[in-house]
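# Breakdown of the fold
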Amino acid sequence: MELNIEVLVLKNTLVVRLSGELDHHTASKVRQVIEEKLDEGFYTHLILNLKNLSFMDSSGLGVILGRYKKMTQLGGKMLLCYLQPAVYRLFEISGLFKILPVYDNEESATRACEVAL
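First, a word on scope: everything that follows refers to the structure included in this document. Since this is a predicted model, take the numbers as computed values, not measurements.

This part is about helix H2 (residues 58–73). The end-to-end C-alpha distance of H2, which contains 16 residues, comes to 22 Å, matching closely the 22 Å that a straight helix rising 1.5 Å per residue would cover. All of the buried residues in H2 are Gly60, Leu61, Val63, Ile64, Arg67, Lys70 and Met71. Summarising the contacts, the buried residues of H2 are in contact with strand E2 (13–22), helix H1 (27–38), strand E3 (45–56), strand E4 (77–81) and helix H3 (85–94). The opening residue of H2 is Asp57, an N-cap whose side-chain oxygen sits 2.9 Å from the backbone nitrogen of Ser59.

Take a look at the structure:
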């Protein structure tokens, strides 16, 4: 299965919606798309909407951890929303919930970034 990436800008927040599978075949594409947008320098926060992400492996975790580190260096926040059970379990096992907040939906994540819709 392929991976589709949709990027939405809400003021200073970059929202990235992923659908499909985030694995070693697609991880570099996600990294490239997000990095290109972050390099524009307009974004303080990053929200990853994983509502339609059906599968993720350790390569996907690596991409997410790398973007978290970048957002931290920029002084911003990174948030996750809409985790599917299999993806949730991977985050739980990896311990990433200790550093990445998870929200039930995109609206609550954007409110946490203080972005009015």
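Moving on, we get to the environment of Ser54. Positionally, Ser54 belongs in strand E3. Given a relative accessible area of 44%, Ser54 falls into the partly exposed group. Taking the C-alpha atoms as reference, Ser54 lies 24 Å from Lys77; in sequence the two are 23 residues apart.

Let's shift gears to the packing of aromatic side chains. Enumeration according to the criterion identifies three aromatic pairs in this entry. Judged by centre distance (6.2 Å) and plane angle (90°), the ring pair of Phe42 and Tyr43 falls under edge-to-face. A relative accessible area of 57% means that Phe42 is categorised as exposed. When its relative accessible area of 9% is taken as the criterion, Tyr43 is described as buried. Aromatic pair Phe91 and Phe97: ring centres 5.8 Å apart, planes at 20°, arrangement stacked. The exposure class assigned to Phe91 is buried, which follows from its relative accessible area of 0%. Connected via pairs of aromatic rings, a cluster forms that spans Tyr88, Phe91 and Phe97. For the cation-ring pair, Lys51 lies above Tyr82, with the distance from its terminal atom to the ring centre recorded as 4.9 Å.

Rules and cut-offs
- Residues numbered from 1 in each chain as written.
- Predicted model: local features only at pLDDT ≥ 70, side-chain atom pairs only at ≥ 80, totals over all residues.
- Heavy atoms only, no water.
- Helix = DSSP H or I, 4+ residues; strand = E, 2+ residues; numbered from the N terminus.
- Expected span 1.5 Å × (residues − 1).
- Buried < 20%, exposed > 50% of the residue type's maximum accessible area, 1.4 Å probe, protein only.
- Contact = heavy atoms within 4.5 Å.
- Polar contact = N/O pair within 3.5 Å; in protein donor to acceptor, adjacent residues only side chain to side chain.
- Phe/Tyr/Trp six-rings, centres within 6.5 Å; stacked < 30°, edge-to-face > 60°.
- Lys NZ or Arg CZ within 6 Å of the ring centre and 35° of its normal.

In short, shape yes, function no, at least from these values alone.
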